[in-house]
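Residue strings, one per chain:
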Amino acid sequence: MVARARYDTVIVGAGSAGAILAARLTEDRGRAVCVIEAGPDHPDLETMPDELRTASMIDERHAPYLWHHTARATALRPALAAPSGRVVGGSSAINTTVFLWALRPDLDGWARVAGPSWSYEACVPYFRRIESDLDFPNGAHGTTGPVPVERPARAAWSKAAAAYHELCLSLGYPDCPDFNAPDAVGIGPVPFNKRDGVRMSTAVAYLAPARARPNLRILARSCARRVVCEGTRAVAVEVATEMGPLVVGAGEIVLSAGAIASPQLLMLSGIGPSEDVVRVGIEPIADLRGVGRNLRNHPLCATAWSLAPTYGEPELLGIPWQTQLRTTAPGSRDREDACLGMAVLGSRPVATAARVTATSGPKLGISTLLMHAASRGTVRLASDDPDVQPDIDLSYLAETTDLDRMRAMVRLAVELGRHSRLDGLRGELLDPTPADLASDAALDEWMLRNVLTSHHPAGTCRMGSDDDSVVDDQGRVHGFEGLRVVDASIMPDCPRVNVNATTMMVAEKVADAMRGIAPATSAARASA
Ligand SMILES: Cc1cc2nc3c(=O)[nH]c(=O)nc-3n(C[C@H](O)[C@H](O)[C@H](O)COP(=O)(O)OP(=O)(O)OC[C@H]3O[C@@H](n4cnc5c(N)ncnc54)[C@H](O)[C@@H]3O)c2cc1C
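Scoring rules and cut-offs
- Here, residues in each chain are numbered from 1, in the same order as that chain's written sequence.
- Confidence filtering applies because this is a predicted model: local features only for residues at pLDDT of at least 70, side-chain atom pairs given and counted only at 80 or more, and all residues used for totals across whole chains, interfaces and linings.
- Only hydrogens and water are set aside when side-chain values are computed; all heavy atoms of the structure are taken into account.
- A helix here means a DSSP run of H or I that spans at least four residues, while a strand means a run of E at least two residues long, and both kinds are numbered starting from the N terminus.
- C-alpha atoms define the radius of gyration, and 2.2 Å times the number of residues to the power 0.38 defines the globule rule.
- For every residue, the accessible area (1.4 Å probe, protein chains only) is compared with the maximum for its type, and the residue is labelled buried under 20%, exposed over 50%, or partly exposed between those bounds.
- Contacts are residue-level and defined by heavy atoms, with any inter-residue pair within 4.5 Å sufficient.
- Exposure was quantified through the Shrake-Rupley algorithm and a 1.4 Å probe, taking into account, for residues, occlusion by the shown protein chains and nothing else.
- Strand pairing follows a simple DSSP-based rule, namely that at least 2 bridges must link the two strands.
- If a single non-hydrogen atom of a residue is within 4 Å of a molecule or strand, that residue counts as near it.
- Polar contact criterion, stated in full: a pair of N or O atoms within 3.5 Å, where within protein one must be able to donate a hydrogen and the other to accept it, and residues adjacent in sequence count only if both atoms are side-chain atoms.
- Each residue gets one label: Ala, Val, Leu, Ile, Met, Phe, Trp, Tyr, Cys and Pro are nonpolar, Asp, Glu, Lys and Arg are charged, and the others, such as Gly, are polar.

Draft legend 1. Seen up close, the overall build of the protein chain. Within the protein chain, the regular secondary structure consists of 13 helices and 28 strands. Since a compact globule built from 528 residues should have a radius of gyration of about 24 Å, the 22 Å found for the protein chain is in line with a globular shape. Considering only C-alpha atoms, the protein chain reaches an extent of 70 × 50 × 45 Å along its principal axes. Relative to its full complement of 528 residues, the protein chain shows a buried share of 60%. A sequence separation of at least 24 residues applies to 70% of the contacts in the protein chain between residues at least 6 apart. Approximately 19,600 Å² of the protein chain is accessible, and the part contributed by carbon and sulfur atoms is 52%.

Okay, here's the thing in structure tokens:
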């Protein structure tokens, strides 16, 4: 027998966006909200497993809290591990906690596609609302938001991070003490959403204080399988729970399952490009051709050196990326499209989910992230079975401009790494090898074989009003009533930063719209 339940609002996914929506929407005590989350729930910091509580990069301990997807990155890298969080808090519960506001050109670009409510100036009050900036408690930053933000103190920088900072300054890159200041570029410390080593996920910062509300139900270890529609009205979600199947009816259904699962759920429900839906035997109910298209992300190439014997004891930090360079890729016609960070990488096995790679002792790495790629990928159904992951094609470096810019960035990373200011810290170049660097063709092949993901998928149900868009400027699915998507998938484009803070900003903004609250303004926030 199928059990039934009914709420005013059902949110699928308790991740970066879903947990914020649940917390904000239940501030209206008359609204009954149910959050359906596939992963487990660890409700308080005291009982939370250390690997979720303590901020770190992902490793093998996080495997129970992940979706273990693989993606085609390039023709030479057809099965790259592309994990994401599967736990209350979503990817914010397992991520590296880098907390960066989107840049002005990113959001002003969104505004051209999705309307003026998404301009940089319109979004800034929402970034402020999220944060409590512990380093810059002044007018430019939020000081009362639920998410503490801090940068590693200079005294705590590794020798590598400090030397990298000095090196970049000596080469004329601007000093950048605050990457979240408007129009910030240059070399500086990375802001993190953590405090006293604790990862401030949306589960901790937003959901924990809301849990006691009688109008909030969190249904963990429960997987949404499809949305049920009556004509063009979404009326319920079919869910597989530990107790058996459940149909949850709702006045409004919000998909916040992330940039892979939200388009997957729409397509499983018959909403998407008809040819993709029909191909796996699902009857289409709306031919929305943009669903699963426009997969945006940041390709990453990792250069590595041995540590010099004179380095001393390597600082093996949970989060080794302390200083980074935000700049424009050499020869690029874009701007602020390059991020190069230096770190001492440890000997702990690094989980890339599907593969756990044992690293062979500490190394010094400079990673190059292409922050505004031209290539776009796709998410397509592989099966009508919700338990089968969709085909994910990242299409990394598919456009010549991406290959050119990444090659220029890798050569810049090698030049920085070889600089005499790092003598005594850095040993020999391990990767790429001299043979890989011998020609552009050889380096391109190295990049296409070794490119990694930054774990920032976005854009697969993008906002807009054109035929390729999926939702309007408030996340409402075109042509449907009672159905929204609110997560990283509705971004028209990937911002030139790690995308978690921007996803949170999206959720805060749409929550206001759903509650009928006028958009926050800088002036209103400053006086609040
Ligand atoms: C390893 C890693 C490191 C990262 N590091 C950083 C970083 O340092 N800084 C940064 O800015 N960004 C980082 N990111 C990216 C960032 O965390 C994500 O972009 C962001 O969390 C996306 O938010 P979301 O709400 O769209 O999706 P998520 O937070 O992933 O939430 C989606 C939720 O939906 C649930 N779900 C999915 N399908 C279903 C279903 N069918 N039924 C029920 N529930 C479902 C999932 O289990 C998950 O909890 C990282 C990501 C990863 C994976």
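Draft legend 2. Quick look at the pairing of strand E18 (residues 299-307). Most of E18 sits inside the fold, with seven of its nine residues counted as buried. Taken together, the two bridges between E18 and strand E27 (residues 452-453) define a ladder with antiparallel strand orientation. Bridge assignment links Leu300 to a residue of E27, and that residue is Leu452. Taken together, the seven bridges between E18 and strand E23 (residues 363-370) define a ladder with antiparallel strand orientation. Looking at E23, one finds that Ala302 is bridged to Ser367.

Draft legend 3. Structural context of the site of the ligand. As a matter of local geometry, the ligand sits amid 39 residues, with Ser16, Glu37, Ser91, Ala224 and Asn500 nearest to it. Take Ala38: an N or O atom from its main chain is 3.1 Å from a nitrogen atom of the ligand. In the model, an oxygen atom of the ligand is placed 2.7 Å from a nitrogen or oxygen of the Ser91 side chain. For the ligand, whose unbound accessible area comes to 1,000 Å², protein coverage reaches 96%. For the shell around the ligand, the secondary-structure elements that each account for two or more residues are helix H1 (16-25), strand E6 (84-85), strand E13 (223-230), helix H7 (258-268) and helix H12 (500-515). No other element matches the three residues that H7 contributes to the shell around the ligand. Here the residues of the shell around the ligand sort into 17 nonpolar, 19 polar and three charged.

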